Structures are given as C-alpha cells and as structure tokens.
Amino acid sequence: MHDGGVLVTGGAGFIGSHLVDQLVSLGRRVVVLDDLSTGHRENLAPHADRVVFMEGGVEAPELCRRACEGVSDVFHLASRVSVVESIESPDLYREVVLQGTRNVLRAAEEAGVRRLVLASSCSVYGDAAPPISEEASLDPRSPYAAFKAEAEQACREAAVSTVCPRFFNVYGPRQRADSPYSGVIAIFARMAAASKSPTIFGDGLQTRDFIHVADVVRGLLLASGASAVGAGEPINFGTGVGTTVLELASLLGCRAPVFEAAREGEVRHSAADPGLARERLGFESRIALQSGLADLA
Ligand code: NAD
Ligand code: UD1
C-alpha cells in the first residue's frame, strides 16, 4: 500500500528520469529534487503536469525537508557521478555525495518515510576480484567511491528503512555524451555515429559490467518494496558479465581507437556476483549488452 508521494532526488538525470517514467506510469505522485548540474528538465517534459519539480541541491537541509513533505518513499539518486572529477574536486564530492545523503536521510526520518533507496556504486569495491559479492572488503580508490561507501554507512545508521543498491556500469537512452565525465558507452556511441576514433584510457583490456537502465529501474522498484531488506543492505545491480573496453568499441562499430594513459583512481576489472539481488529481491538483469546497445537513442 502506497499512499504518499515518491521523492526522486536526481530525477532529472539519466537513471532518475527513467525511474520517474515508471513511477508516473504506476500512478504515483512524484516529486523531483534536482539542481540540474548534469540533469535536464527536458528529461521530465513528458510528465510536466504529473511531477512536482524542485530545483535545488541536496546540500540544503531545508530544501530536503520540503521535498520530503507528504512523501512515503524516497529514491536518492542525486550525486556527482565521475571518478575523475572527484579526484579533481574532492570537497564538492564530500558535500554532495556524503553531506547530501545525510541531509536527505534526516529529512526522510523526520517525514516518517517508509523506505529510502540509495544509489550506491560498485566503485566501493576497488580492485576486488570478479565476480564481486557484497561480502568483498571495500577498497574505495577515489573520493567518489569513498563518499559513496560513507553514504551507505549513514543509511545503515539512520532511523529509516534503507537499502543500498550498488550499481555497476549503467547505460541506455538519455545518457549524456557531452562531457569528459560522461559514461564510456554514451561517448563511444557518439564517436561511432560521427565516424571518429574513440580514445581508450589504458590498454582497453579493463573490464566493466554494463547493465541496462531499464533493468536498474526494475531493480530499484523491487528494492523499494522488498520485505527481505531494509537495514541498509548493499545489493549488487549488475549482470555478472565483464566486457573489455576494446570489445565495447568493437560492438559499437567504432573506428580504430586512439590510446591514452590509464586514468587515476580506476579499477581494473569489475563484474558483479548478482546472487544476493536474486535471492533478496528476485531481481535479475534481462537485457544482454548486444541488444541493449541497439537501443541508445
Ligand atoms: P546523472 O548525472 O545523469 O544524474 C545525477 C542527477 O543528480 C542529475 O540530474 C544531476 O543534475 C543531479 N544532481 C547532481 N548533484 C546534485 C545535487 N547536489 N543536488 C541535487 N541534484 C543533484 O547520473 P546517473 O548516471 O543517472 O546517476 C544517478 C545515480 O546513480 C548517482 O547517484 C550515481 O552515483 C549512481 N550510479 C550511476 C552509475 C552509472 O553507471 N551511471 C553507476 C553507479 C552508480
Ligand atoms: C562508472 C560511473 C560511476 C559508477 C561506476 C560504477 C559514469 C560517468 N561513471 O564509472 O558513476 O559509480 O561506473 O562502476 O557513468 N573509458 C575510455 N574512454 C572514454 C571513457 C571511458 O577508455 O572515452 C574507459 C575508462 O577509462 C574506464 C571505462 O571506460 O576504464 C569505464 O569508464 P566510465 O564509463 O567513465 O565509468 P567508470 O569510471 O567505470
């Protein structure tokens, strides 16, 4: 039974706006809090009359409180998302990723929210050997990863029911390619369409577990409703399949790549053990990379 509204922080962004699409189609009343630093109002345009949009940052406790009024469920996705940018601007990441999460948690507690789902990241594992289970020890290699790990801990200590999906590399329609901090699939797809050579950082043999945004949204809805979680558990959202960056360039039909030095703070290999998500949430990814890449508009 859901009688209150749903708050999606970061709801104007890539993953958040896909989640809002689903929530609206389920008939939920949706509030979005987003500072539009990387998100876009157009992502919410189809729902202009169904979504209450609040422009502002999760760094502001009062704004978080107002956003939580009358809300029973929270999806906290607002975040800066780049490993590289976090090394350049660690203070910004502390403020947004860690303090922002604390502010949203506090506001959710005060509003009597039923459950808060935090978008965490597999980057907290560092260089753990795949397949990576939630029991692997944490080894964050960047401020982004370290603050995500601390944000999870804040969830576990909060007086509100929480769960912390750790997304592996998410891709799909609406992922922006226009920043050096964008995700690799969006960047490579753009280069392929323009018949330009992509740049590969390192030797291209690093692996990532690419999961389609539609699968992630389905997992988020399951995480929000599942009775088998609620104490801030980390849960992997991945496919279990690692793909090299070189293979990805080839799947996208890219021209021969240019190679540059590997990026600082990067993990080498990443692929999820998806077992706990299956067990606790009944969640499994369904979209294989080849078919997901065909749908990147
Ligand atoms: P995105 O940049 O498209 O979305 C983030 C949204 O948060 C944007 O709309 C942005 O404007 C908003 N935002 C940023 N700082 C904010 C602030 N201080 N206050 C309010 N809003 C703010 O990125 P995304 O890929 O959709 O990421 C969504 C979430 O998923 C993030 O928490 C990210 O860390 C997490 N995540 C993403 C991936 C991935 O591969 N894309 C992997 C792991 C985790
Ligand atoms: C991504 C997410 C991060 C998330 C993490 C989980 C983005 C921007 N970052 O980080 O929020 O927590 O997944 O795993 O979505 N690469 C190239 N050339 C390029 C761009 C990237 O070779 O032009 C390489 C990178 O060096 C890296 C791989 O592709 O090895 C993936 O990079 P990227 O898409 O930026 O994601 P992550 O750093 O894995």
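Within each chain, residues carry numbers counting from 1 in the order of the written sequence. Both sets of labels track the order of writing: A upward for chains, 1 upward for ligands. Per-residue local features are limited, in this predicted model, to residues with pLDDT of at least 70; the limit for side-chain atom pairs, both in listing and counting, is 80 or more; totals at the level of whole chains, interfaces and linings are taken over all residues. Heavy atoms from the whole structure form the basis of all side-chain values; hydrogens and water molecules are not counted.

**Looking at the environment of Val 52**
The topology assignment puts Val 52 in strand E3 (residues 51-55). With 20 residues separating them in the primary sequence, Val 52 and Val 32 have C-alpha atoms 6.2 Å apart. When near neighbours in sequence (up to four residues on either side) are disregarded, Val 52 contacts Val 30, Val 31 and Val 32. In this description a helix means any DSSP run of H or I spanning at least four residues, a strand means any run of E spanning at least two, and both kinds are numbered starting from the N terminus. Note on contacts: a residue pair qualifies if any of its non-hydrogen atoms lie within 4.5 Å across the two residues.

**Considerations on helix H1 (residues 14-25)**
Here the expected length of a helix is defined as 1.5 Å per residue gap, with one fewer gap than residues. Given a rise of 1.5 Å per residue, 12 residues ought to cover 16 Å, and the 17 Å separating the end C-alpha atoms of H1 matches this to within 8%. Here the term buried applies to any residue with accessible area under 20% of the maximum for its type, exposed to any over 50%, and partly exposed to those in between, with areas from a 1.4 Å probe on protein chains only. Within H1, 10 of the 12 residues are buried, leaving the element largely enclosed by the surrounding structure. Directly beyond the C-terminal end of H1, a positive phi value near 85 degrees is found at Gly 27.

**Examining the site of ligand 2**
Here, proximity means that at least one heavy atom of the residue falls within 4 Å of the molecule or strand. Around ligand 2, the surrounding shell holds 21 residues, and the nearest of these are Val 81, Ser 121, Tyr 144, Asn 169 and Val 184. Counting of polar contacts relies on pairs of N or O atoms within 3.5 Å, with two restrictions inside protein: one atom must be capable of donating a hydrogen and the other of accepting it, and residues adjacent in sequence are counted only when both atoms are side-chain atoms. Between ligand 2 and Ser 121 there is a distance of 2.5 Å, counted from an oxygen atom to a side-chain nitrogen or oxygen. Here Phe 201 contributes a backbone N or O atom positioned 2.9 Å from an oxygen atom of ligand 2. Considered on its own, ligand 2 offers 730 Å² of accessible surface; in the complex 90% of this is hidden by protein. Counting residues per element, the ones that place at least two in the shell around ligand 2 are helix H6 (184-193) and strand E9 (199-201). Side-chain classes follow a simple rule in which Ala, Val, Leu, Ile, Met, Phe, Trp, Tyr, Cys and Pro form the nonpolar group, Asp, Glu, Lys and Arg form the charged group, and the remainder, Gly included, forms the polar group. Considered class by class, the residues forming the shell around ligand 2 number 12 nonpolar, six polar and three charged. Note on areas: Shrake-Rupley, 1.4 Å probe, and residue coverage restricted to the protein chains presented here.

**As for the environment of Cys 164**
By the element assignment, Cys 164 lies in strand E7 (residues 161-167). Assessed through its relative accessible area of 0%, Cys 164 is described here as buried. Taking the C-alpha atoms as reference, Cys 164 lies 8.7 Å from Leu 116; in sequence the two are 48 residues apart. If sequence neighbours within four positions are ignored, Cys 164 has contacts with Leu 118, Ser 120, Glu 152, Cys 155, Gly 232, Glu 233, Pro 234 and Ile 235.

**Brief notes about the side chain of Ser 270**
For Ser 270, the position within the fold is in the loop between strand E14 (258-260) and helix H9 (275-281). Using a relative accessible area of 3% as the deciding quantity, one classes Ser 270 as buried. When neighbours within four sequence positions are excluded, Ser 270 is seen to be in contact with Cys 122, Pro 130, Ile 132, Phe 168, Thr 207, Arg 208, Asp 209 and Gly 242.

**Overview of empty space enclosed by the protein**
Residues are called lining when one of their atoms sits within 4 Å of a cavity or pocket point, these points coming from a 1 Å grid over the protein atoms alone, where a cavity is a set in which a 1.4 Å probe fits but cannot get out and a pocket is an open set with protein on both sides within 12 Å along at least five of seven lines. Grid points are joined across faces, edges and corners, and a volume is the space filled by probe spheres set on the points. Enumeration over the complete set of coordinates arrives at one cavity of 30 Å³ or more. In this structure, the largest cavity occupies an estimated 30 Å³ of space. Considering the residues around the largest cavity, the lining is formed by His 76, Leu 77, Ala 78, Ser 79, Val 96, Val 97, Thr 101, Leu 118, Ala 119 and Lys 148. Here the residues of the lining of the largest cavity are counted per class, giving six nonpolar, three polar and one charged.

**Considering the site of ligand 1**
The environment of ligand 1 is formed by 29 residues, the closest being Phe 14, Asp 34, Thr 38, Leu 77 and Tyr 144. Within the backbone of Gly 13, a nitrogen or oxygen atom sits 3.0 Å from an oxygen atom of ligand 1. Tyr 144 is positioned such that a nitrogen or oxygen atom in its side chain is 2.8 Å from an oxygen atom of ligand 1. For ligand 1, the accessible surface in isolation is 820 Å², of which the surrounding protein chains cover 93%. Looking at the shell around ligand 1 residue by residue, the class counts come to 14 nonpolar, 11 polar and four charged.

**Some points on the pairing of E7**
With seven of seven residues buried, E7 lies mostly within the body of the structure. Because side chains alternate across E7, one face comprises the buried residues Ser 161, Val 163, Pro 165 and Phe 167, and the other comprises Thr 162, Cys 164 and Arg 166, equally buried. Of the pairings in the sheet, the one linking strand E5 (residues 115-118) to E7 comprises three bridges and is parallel in character. Within E7, the position partnered with Leu 116 by the bridge is Thr 162. Inspection of the sheet shows strand E6 (residues 120-121) paired to E7 by two bridges, in the parallel sense. Each residue of the ladder has a partner; that of Ser 120, found in E7, is Arg 166. Pairs of strands are assigned from DSSP output, requiring at least two bridges between the strands.

**Considerations on the nonpolar core**
What makes a nonpolar core is a set of buried Ala, Val, Leu, Ile, Met, Phe, Trp, Tyr and Cys residues whose side-chain atoms join them at distances within 4.5 Å. In this structure, Ile 15, Phe 75, Leu 220 and Phe 237 are the most contacted members of the largest nonpolar core, which totals 35 residues. Elements with a contribution of two residues or more to this core: strand E1 (5-9), H1, strand E2 (30-34), E3, E7, helix H7 (213-225), strand E12 (231-237) and H9. Element by element, the count of residues in this core is highest for H1, at six residues. Aside from chain neighbours lying at most four places away, what touches Phe 75 is Val 6, Leu 7, Val 8, Thr 9, Leu 19, Leu 23, Val 117, Leu 220, Leu 221 and Ser 224.

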